[in-house]
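Coordinate inspection notes
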Amino acid sequence: MNAPDVEATDRHILELLAADGRMSYTDLGKATGLSTSAVHQRVKRLEQRGLIQGYGATIDHEQVGLPLTAFISIRPIDPSQPDDSPERLRSIGEIESCWSVAGEESYILKVRTQTPAALEGLLARIRAAANVATRTTIVLNTFYENRPLTDVQSDSET
């Protein structure tokens, strides 16, 4: 099911770039049937509209010394205090992502550390910095992550 404001060719370009952010305009043109200059214009327009927010490398965290991945759910100890946990935690480098969520917790953090002991220290820093209670889930194995955008069909289309 396509988003109403993204036409098929732009969606195809997004899918290709999600799979390979270094794909050349020439190769994008061949894959979409557009000229190199037309693809270049479309990519620039997608960037300007905010559909492409950046380009990045996929890192093997184990090889860079951060083999332990965990998800930390946080909730304020005192709910009457301002909800500013993301800002309080922004400077903690081990936090890769921070999502606001519905449910018992307020946020879920994705973190990467070297060891369980390093995770324990990180938990203490998070609790102190944001005055929150935590619940931690350690990742044992990652089968896939950061999957490229694909055209997902709704149940009514299948």
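Summarised in this report is the structure supplied together with it. Since this is a predicted model, take the numbers as computed values, not measurements. Chains are numbered independently. Their residues run from 1 in the order of the written sequence. pLDDT decides what is reported in this predicted model: residues at 70 or higher carry local features, side-chain atom pairs at 80 or more are listed and counted, and totals for whole chains, interfaces and linings draw on all residues regardless. Water and hydrogen atoms play no part in the side-chain values, which are based on all heavy atoms of the structure.

Another point: the sheet that holds strand S2 (residues 95-100). Pairing between two strands requires that DSSP report at least two bridges joining them. Helix and strand assignments come from DSSP, with helices taken as H or I runs of at least 4 residues and strands as E runs of at least 2, each series counted from the N terminus. With antiparallel pairing, 4 strands are arranged side by side in an open sheet as S2-S3-S1-S4. Since the sheet does not close on itself, it has two edges, and those belong to S2 and strand S4 (132-138), each with one partner. When strand polarity is set aside, the average angle formed by the axes of neighbouring strands in this sheet is 20°. Where S2 meets strand S3 (residues 107-113), 5 bridges bridge the pair, whose relative direction is antiparallel. Looking at S3, one finds that Ser100 is bridged to Tyr107. Each axis is a line fitted through C-alpha atoms, and for a helix only the stretch in contact is used; angles between axes span 0 to 180 degrees, taken between their N-to-C directions.

Next up on the list: the packing of aromatic side chains. Only Phe, Tyr and Trp rings are paired, with Trp represented by its six-membered ring, and only when their centres lie within 6.5 Å; those with planes under 30 degrees apart are stacked, over 60 edge-to-face, the remainder tilted. For the structure on display, the rule yields 1 aromatic pair. Lying over the aromatic face of Tyr144, Arg147 brings its terminal NZ or CZ to 4.2 Å of the ring centre. We call a charge positioned above a ring when the Lys NZ or Arg CZ atom is no farther than 6 Å from the ring centre and deviates by at most 35 degrees from the ring normal.

Turning our eyes to something else, we now look at the environment of Glu104. Its location among the elements puts Glu104 in the loop between S2 and S3. Any residue under 20% of the maximum accessible area for its type is buried, any over 50% is exposed, and the rest in between are partly exposed; the area is computed with a 1.4 Å probe on protein chains only. Residue class for Glu104 comes out exposed when judged on its relative accessible area of 69%.

With that out of the way, let us pick up the packing of helix H2 (residues 25-32) against helix H3 (residues 36-48). The N-to-C vectors of H2 and H3 enclose an angle of 100°; their axes lie 8 Å apart at closest approach. By the criterion of interaxial angle, the relationship of H2 to H3 is roughly perpendicular. Every residue of H3 that contacts H2 at Tyr25, Thr26, Leu28, Gly29 and Thr32 is listed here: Thr36, Val39, His40, Val43 and Lys44. Class assignment of the residues belonging to the contact of H2 with H3 gives a composition of 4 nonpolar, 5 polar and 1 charged. Comment on the angle field: the value is read as roughly parallel under 35 degrees, roughly antiparallel over 145, roughly perpendicular from 65 to 115, and oblique elsewhere. Should any heavy atoms of two residues lie within 4.5 Å, those residues are counted as being in contact. In the scheme used here, Gly and all other residues not listed as nonpolar or charged are polar, with Ala, Val, Leu, Ile, Met, Phe, Trp, Tyr, Cys and Pro taken as nonpolar and Asp, Glu, Lys and Arg as charged.

This paragraph deals with the nonpolar core. What is meant by a nonpolar core is a set of buried Ala, Val, Leu, Ile, Met, Phe, Trp, Tyr and Cys residues, joined one to another through side-chain atoms within 4.5 Å. Counting 16 residues, the largest nonpolar core has Ile72, Ile74, Leu89, Leu109, Val111, Leu119 and Ile126 as the members making the most contacts within it. Among the secondary structure elements, those contributing two or more residues to this core are strand S1 (68-76), S3 and helix H5 (116-130). Of the residues forming this core, the biggest block, 5 residues, is contributed by H5. In this view, Ile72 contacts Tyr107, Ile108, Leu109, Val111, Leu119, Leu123, Ile126, Thr134, Arg135 and Thr136; residues no more than four positions away in its chain are not counted. Leu16, Leu17, Leu28 and Val43 belong to the second-largest nonpolar core, a separate cluster that totals 10 residues.

Read these as spatial facts, not as claims about activity.
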